[in-house]
Structures are given as C-alpha cells and as structure tokens.
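The chain contents come next:
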Amino acid sequence: MPPTTLKPIATGHVFTRNPLMLNMPFRGQCVFSIYGQGYTREQPAYQGEFAAPDTINLAEFIEAIIPPIGDPGEQDTMITYGLHDGSITIEADDGSQEPYLWHVIAHQGGISKQNFRKLSLAGTDIFEARFLNPVCNFFLTTRTHDWRINIKETELYPLVFFYPLQGTLTLCDITNGNTVSLPAIHDEADYHGQLCALNLKAIRQYFLDQYRSITGVFDVLVDDKPAARIAIQEARPQRERYRLKFRNSYGVFEIIELTGEAQWAPEFDNHQDEGSNKRYEPDIDDFSSWRQRLAITSVIKVSAGYKTNNELHFMLDAIASDECYLLDIDGDPIKVIPSAEELNYSHRPNSPQAVNLELRPVDNDTCVTDSIFTSVMPARGGLFSEQFSEQFD
C-alpha cells in the first residue's frame, strides 16, 4: 500500500504561497493536525478530518500561523543571524499505524507557478536548487535569477540568505583580492542553514577601514568556491530621489529607487448626501446644512524614473507587494499601497522606459495637522545641544 506523502519537500523548507499537498492514497478516515509556533500536539493550531483517498493543500493553514520573515534593518553589523524561526509540525493519522510526522520550516513567500512547475518536474524545489545550494546565487532577491547581482548604491539593503549548510562564507574584493570571512555561529543554536542577512553597507565600511579601499564588486565564496558576484553601481545625481522598501515574493525586504518628481494629490471622501443634513438654528428659526469632517488621503504620484527591463520586472514585484513603505519623503516611512498607471513595456526595448506610480497611504485621516519630524515638543531650543551643556553653561 503506498504511503501517505507530503510534497514537495526536498530540504525541510517550504513556502506558504506554493502548494504543499498532503496525499493519502488508501481508503479510510484521516485526521491531520498542524502545530508549533506556540501550539502543541494536544492543542494544535488546526485539526481536520477527511475521507481518503484524497489530497489536501495545507499551505494556507500554515501561512495563518507563521510570522513574516524578520526585518534586519540598517544595522552596523556585517551579518545578522537568525532572522526567522518558522518551525512547525504536521501530523497525519489514519488509525492503522503510527502517525506520519513531518517537521518543516515554513516561510511566508513563494515562487511563480512557472518556476514551481519546472522545479517539480525536475524532482526538486527552490530551496534545494538555489537557496540552500552553496555554488549559485543563494540570496533571496528577486532582482535577478542570475549569479551576478547588480545593486545601485541607493538601493543597498541587507541581502537575506540561508547560511550555507557546510562551509564558511567569504567576500572577496575582485580588484585587489582583499577578503573578509563571516563564519556561522557555533553555540547552543547552530546557525548553519538558518536565515541571515548580509549588510553590504557595513561590509564596504569594513573594507574602507581595514584596507583603505572603496569596494564596488564582491565575489561571494563558500570555502573558496564561487557562488555569486555582487556589483554595486554608482547612482546618477537626481533632482529628486525616493526609495520604496517592500517585501518581495520570497517574503524579505528589498529597496528600489524612484527618481521622478513626486506630487501630492489629496483625495477627500465623497459624500452623496452633502447638504442634505440639516440642523435647526434657533437664532434664525430655520435649518442650516452641516456635515462631519471629511477623511483625506494624500495620494503620492511619482515617476519611478527610467528602468531597464530587469528593473521593470523588479518593479512589478514591488507593485504586487503586500507590505510596502515609501522612504525619504516625510521623515518617517509611509506605509503605502502601490499601483501603476498604464504599465506597458517592450519585450526588447531600444531604450530604458519610465513607469508612473501611484502610492496610496494605508491610512486616511479627518484631522490635518503638520507632520512631526524631530522633537515631539515644539519648544525653542538652546544654542548648543545637550552634550555640550557642561562646557558651555
């Protein structure tokens, strides 16, 4: 009798936005449960029963209990360890033998259907083929599927990756051979195979401090074997520049720059009954119109600037993102929902193409007040900052 299976799992890692099929081929009743992330076998996050033979997709159940991948932020450390723990257990019991158990690490994200089909036909998954493969571009970036990763210096943000299961990660400046090794942590928790983030800004600062060189191209090596190459491109001067920080399809944050003019387009909630609300005014012995304050949404319209086809594809991922922030425009990041106006581009363009974006903040407001940028207390400051108070009393 064929066994109950959970597919596709090649490495123990799964994405929650791709199918994860529990297949029970024989006849009978099957009870399955999902626990972990604070849930126990006795009190699972989800428990269900179905009549076999049948196949059930468990991906949506898992996504409901798995937190998003952590944001490494812009820290001073060259590598951030242990961004995410998505450990869960799936149990299936047909009542005739010991329950089937699968211990998996789940991540909120996924790959395209075309990629999923192609990898499934090859008998593998994206984790085995790329993310846990030490001899290819194993970074969770949607900029490119190529081994060469081109990043503008204005778009630098920590690159998320699974630390190689075996070996030590090394970055090499290809111009002079200078290197820096970033070993995994070896203590109570083994971080080999755990989700980490590579801070390229901090690494460039290390090369500047240590070797007095500004590094623009790194080779990424695992035990001296090449895996990928990261090229940091100089950004051209622009009159206006903003950045869009978004969760990509793999569930991690990346940044793309916007170099066009930004315009605010305030939108008020429309009321069909404007003027129909009446209130009695005793001093005139008549009724006057009145209304409640209108909610306002300050939509931001901005051109993304001229992009190559690869950058446009990256932009599509940003537009489809479920978590997106506009940076550099109003002090604090503004959470927005992006959309594009007439997004058409040629398959083989003769020149870069521009995209016009509409960024709609997720919050509307009935109270319009000036933004707070620095101090929450609008008091007149002194001549010197606090750290000079003893010297300049």
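Coordinates for the structure precede this section.
Notes on the structure follow. Because the structure is predicted, anything quoted here is derived from the model rather than measured.

The rules behind these values
- Residues numbered from 1 in each chain as written.
- Predicted model: local features only at pLDDT ≥ 70, side-chain atom pairs only at ≥ 80, totals over all residues.
- Heavy atoms only, no water.
- Helix = DSSP H or I, 4+ residues; strand = E, 2+ residues; numbered from the N terminus.
- Buried < 20%, exposed > 50% of the residue type's maximum accessible area, 1.4 Å probe, protein only.
- Contact = heavy atoms within 4.5 Å.
- Areas by Shrake-Rupley, 256 points an atom, 1.4 Å probe, with all protein chains shown as cover.
- 1 Å grid on protein atoms, 1.4 Å probe; cavity = no way out; pocket = protein on both sides within 12 Å on 5 of 7 lines; lining within 4 Å.
- Points joined across faces, edges and corners; volume = space filled by probe spheres on them.
- Nonpolar A, V, L, I, M, F, W, Y, C, P; charged D, E, K, R; others polar.
- Pairing = 2+ DSSP bridges.
- Axes fitted to C-alpha atoms, helices over the stretch in contact; angles between N-to-C directions.
- Phe/Tyr/Trp six-rings, centres within 6.5 Å; stacked < 30°, edge-to-face > 60°.
- Lys NZ or Arg CZ within 6 Å of the ring centre and 35° of its normal.
- Polar contact = N/O pair within 3.5 Å; in protein donor to acceptor, adjacent residues only side chain to side chain.

**Focus: the overall build of the protein**
The secondary structure content of the protein amounts to 5 helices and 23 strands. Here the protein holds 393 residues, and 44% of them are scored as buried. In the protein, once contacts between residues fewer than 6 apart in sequence are set aside, the share between residues at least 24 apart is 66%. When the accessible area of the protein is evaluated, it comes to approximately 22,700 Å², of which 48% is carbon and sulfur surface.

**So, the layout of surface pockets**
The method is simple in principle: a probe with the dimensions of a water molecule rolls over the atoms, and the space it marks as empty is what remains. Quantified by volume, the largest pocket comes out at close to 850 Å³. Along its surface, the largest pocket is lined by 34 residues, and Ser112, Asn115, Thr142, Tyr250 and His313 are the ones closest to its centre. When residues of the lining of the largest pocket are assigned to their parent elements, the largest contribution, 6 residues, is made by helix H5 (residues 309-319). Along the lines of polarity and charge, the residues of the lining of the largest pocket split into 11 nonpolar, 15 polar and 8 charged.

**Side note on the sheet that holds strand E13 (residues 217-222)**
Taken in spatial order, the 5 strands of this open sheet run E8-E14-E13-E10-E11, and their pairing is mixed. Only two strands of the sheet have a single partner each, and these edge strands are strand E8 (148-152) and strand E11 (179-182). Ignoring strand direction, the axes of neighbouring strands in this sheet form an average angle of 20 degrees. Across 5 bridges, the pairing between E8 and strand E14 (residues 225-233) is parallel. Bridge pairing in E14 links Asn150 to Ala231. Lying over the sheet, helix H4 (residues 200-211) contacts E8, strand E10 (169-173), E11, E13 and E14, oriented at roughly 130 degrees with respect to E11.

**Observations regarding the packing of aromatic side chains**
Two descriptors summarise a pair of aromatic rings, namely the distance from one centre to the other and the angle between the planes of the rings. Evaluated as defined, the whole model comprises 22 aromatic pairs. With 6.0 Å between their ring centres and 35 degrees between their planes, Phe32 and Tyr46 make a pair best called tilted. Here the residue Phe32 occupies a position in strand E3 (residues 21-36), and Tyr46 occupies one in strand E4 (residues 46-57), the gap between them amounting to 14 residues. A relative accessible area of 35% places Tyr46 in the partly exposed class. The side chain of Lys245 reaches across the aromatic face of Phe253, ending 4.8 Å from its centre.

**Section: empty space enclosed by the protein**
The final tally for this structure, using the stated rule, is 4 cavities of 30 Å³ or more. By volume, the largest cavity is sized at about 140 Å³. Together, 15 residues line the largest cavity, and Pro8, Phe15, Asn18, Phe116 and Asp125 are the ones closest to its centre. Residue assignment for the lining of the largest cavity shows that the elements contributing at least two residues are strand E2 (13-15), helix H2 (113-121) and helix H3 (126-131).

**Side note on the side chain of Thr215**
Residue placement: Thr215 occurs in the loop between H4 and E13. A relative accessible area of 1% means that Thr215 is categorised as buried. Among the polar contacts made by the side chain of Thr215, one reaches the side chain of Asp173 at a distance of 2.9 Å. Excluding its chain neighbours within four sequence positions, the residues that come into contact with Thr215 are Asp173, Arg204 and Phe207.

Geometry only, nothing functional implied.
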